[in-house]
Amino acid sequence: DSIFVQATSADVQILPAEDGNTKVVCTDAENVNYDVSIADGKLTVVRVDARKWYERIGIGFGAPAIKVYLPNEEYSLTVELRTGNVEIPAGISLADACVTGSTGDVRVSASVSGMLSIDIDTGNVFVFDNAVGALEVSNSTGSISLSKVAVEGDVSLELSTGDTGLADVTCANLTSTGSTGG
């Protein structure tokens, strides 16, 4: 019924399952893995970092990845990240979706019958080719781009520094605020 993904640093993809089976694929590192569980209809993916503080010092290459493959049903989705990109392509049906993060890009083309809420500090938000019940986007530094989006209810866009672009967007009411940018 619902999916919760929490990670410090990872790229997250929510993808349609070609074979109709739920599957979670995670890229682990030494002493860093993911706890994947299902309880009371909720799929939970949580990063578990067992490294000592001094093992966290250094340069890493390539972001860890979390790929969640889902059958064609409707889900509630929550993704919480510090650093990483989130991709939710067409072919996924969501009742509602909430994506929060510090740094990274968010791309959503999945249909969301209820609220789609995106709150990131630095990065770009792309919502395109989909239908949404209501849309809230908050972004400090980056851009917000909406293209070919049909929103049944209201759209609220808040951007401190950066550009907001809308093309072929319909909604009941639009509120857009910003400090610096276009």
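Look up a bit, the structure's there.
If you're wondering where the values come from, they're calculated on a predicted model, not measured in any experiment. All residue numbers refer to positions counted from 1 along the written sequence of the respective chain. Whole-chain, interface and lining totals are the exception, using all residues; otherwise, since this is a predicted model, local features are given only for residues with pLDDT of at least 70 and side-chain atom pairs are given and counted only at 80 or more. Neither water nor hydrogens contribute to the side-chain values; these are computed over all heavy atoms in the structure.

(A) Quick peek at the packing of aromatic side chains. Between rings of Phe, Tyr and Trp, where Trp is taken as its six-membered ring, a pair exists when centres lie within 6.5 Å; planes separated by under 30 degrees are stacked, by over 60 edge-to-face, and by other angles tilted. Counted according to the given criterion, the structure contains 0 aromatic pairs. Distance and angle both matter: a charge sits over a ring if NZ of Lys or CZ of Arg is within 6 Å of the ring centre and within 35 degrees of the ring normal. The positively charged end of Lys 23 is found above the aromatic ring belonging to Tyr 69, 5.0 Å away from the centroid. The ring of Phe 126 carries the charged tip of Arg 107 above its face, separated from the ring centre by 4.2 Å.

(B) Inspection of the side chain of Asn 139 at higher detail. Helix numbers and strand numbers start at the N terminus; a helix is a DSSP run of H or I with at least 4 residues, a strand a run of E with at least 2. With respect to the helices and strands, Asn 139 occurs in strand E11 (residues 111-151). Definition of a polar contact: a pair of N or O atoms within 3.5 Å, with one able to donate and the other able to accept a hydrogen when the atoms are protein atoms, and with sequence-neighbouring residues admitted only if both atoms are side-chain atoms. A distance of 2.8 Å separates a polar side-chain atom of Asn 139 from the backbone oxygen of Gly 123.

(C) Here's a closer look at the pairing of strand E9 (residues 93-103). By this definition, two strands are paired if DSSP reports at least two bridges between them. Relative to E9, strand E7 (residues 74-83) runs parallel, the two sharing 8 bridges. In the sheet register, Glu 74 faces E9, and the bridge partner there is Ser 93. Here E9 pairs with E11 via 8 bridges, running parallel. Within E11, the position partnered with Val 99 by the bridge is Ile 118.

(D) Representation of unusual backbone geometry within the structure. Backbone geometry at Asp 40 places phi at a positive 50 degrees, although glycine is not the residue there. Of note, Asp 40 is situated in the loop between strand E4 (32-39) and strand E5 (42-49). Even without being a glycine, Asp 168 presents a positive backbone phi close to 55 degrees.

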